[in-house]
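Spelled out, the chains give:
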Amino acid sequence: QVQLVESGGGLVQAGGSLRLSCEASGRTFSGYFMGWFRQAPGKEREFVAGIKWSSGSTYYTDSVKGRFTISRDNAKNTVYLQMDSLKPEDTAVYYCAAASRPYFTTTPRDFGSWGQGTQVTVSS
């Protein structure tokens, strides 16, 4: 059974940085697509960034391109989301998710495993 544990959220001022971590366990993830989603109060969960575990190919939603970087460490079975130049509109609960297929997708229902979420709050 896949388990995902996020860490690294917190409170930061606008313009600051945070790094989220997602430690994955339960199986080999070479054939997986890993994603970060976020959900702000009153809004739908939205795709933020994704990475193909095997190739390392990355994908971003337009609003975070140039500010966020997703990466993975094979040895640690961990996916990271480096968030720079944070804005108040980035405030949300951030979720790590795993899709058991090696292709790009932004649809939440394609991801069968989810972490518990970590709060990111950006003050103005």
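Counting restarts for each chain, with residues numbered from 1 along the sequence as it is written. At least 70 in pLDDT is required for a residue's local features to be given in this predicted model, at least 80 for side-chain atom pairs to be given and counted, and no such filter applies to totals for whole chains, interfaces and linings, which use all residues. The basis for every side-chain value is the complete set of heavy atoms in the structure, and neither hydrogens nor water enter the calculation.

A. Broad picture of the packing of aromatic side chains. Only the six-membered ring of Trp is used, alongside the rings of Phe and Tyr, when aromatic pairs are assigned; centres must lie within 6.5 Å, and planes under 30 degrees apart are stacked while those over 60 apart are edge-to-face, with the rest tilted. Counted by the stated rule, this structure contains twelve aromatic pairs. Each ring, one from Phe 33 and one from Phe 111, has its centre 6.1 Å from the other, and the planes form 50 degrees; the classification is tilted. Here Phe 33, found in strand β4 (residues 33-39), pairs with Phe 111, found in the loop between β9 (92-99) and β10 (113-114); they are 78 residues apart in sequence, far enough to count as distant. Classification of Phe 111 as buried rests on a relative accessible area of 3%. Ring pairing ties together the aromatic residues Phe 33, Phe 37, Phe 47, Tyr 59, Tyr 95, Phe 104, Phe 111 and Trp 114, which thus form one cluster. Seen from the ring of Tyr 95, Arg 45 lies directly overhead, with NZ or CZ sitting 3.8 Å from the centre. To sit over a ring, a charge needs its Lys NZ or Arg CZ within 6 Å of the ring centre and within 35 degrees of the ring normal. The ring of Trp 114 has Arg 45 sitting right over it, with the charged end atom 4.8 Å from the ring centre. The helix count covers DSSP runs of H or I at least four residues long, the strand count covers runs of E at least two residues long, and both are numbered beginning at the N terminus. The buried label applies to any residue whose accessible area, calculated with a 1.4 Å probe on protein chains only, is under 20% of its type's maximum; exposed applies above 50%, and partly exposed to all values in between.

B. Looking closely at the sheet that holds strand β7 (residues 68-73). Pairing between two strands is assigned when DSSP locates at least 2 bridges connecting them. Spatially, β1-β3-β8-β7 is the arrangement adopted by the four strands of the open sheet, whose pairing is antiparallel. Looking at strand neighbours, the two that pair on one side only are β1 (3-7) and β7, the edges of this open sheet. Recorded for the sheet is a direction-independent mean angle of 15 degrees between the axes of neighbouring strands. Strand direction decides the pairing type here: strand β3 (residues 18-25) and strand β8 (residues 78-83), joined by six bridges, are antiparallel. Residue pairing for β8: Cys 22 is matched across the bridge by Val 79. Orientation is described by lines fitted to C-alpha atoms, with helices fitted over the stretch in contact, and by angles between N-to-C directions that extend from 0 to 180 degrees.

C. The arrangement of the nonpolar core in detail. Of all hydrophobic cores here, the largest spans 29 residues; its most connected members are Met 34, Trp 36, Leu 81, Met 83 and Tyr 94. Broken down by secondary-structure element, the contributors of at least two residues to this core are β3, β4, β5 (46-52), β7, β8, β9 and β11 (118-123). By the convention used here, residues are in contact when the closest approach between their heavy atoms is within 4.5 Å. Not counting residues up to four positions away in its chain, the partners in contact with Met 34 are Leu 4, Phe 29, Ala 49, Gly 50, Ile 51, Trp 53, Ile 70, Val 79, Cys 96, Ala 97, Ala 98 and Phe 111. Here, the term nonpolar core denotes a set of buried Ala, Val, Leu, Ile, Met, Phe, Trp, Tyr and Cys residues that are joined through side-chain atoms within 4.5 Å. Phe 33, Phe 37, Phe 47 and Phe 111 belong to the second largest nonpolar core, which has six residues in total.

Nothing here speaks to function; it is all geometry.
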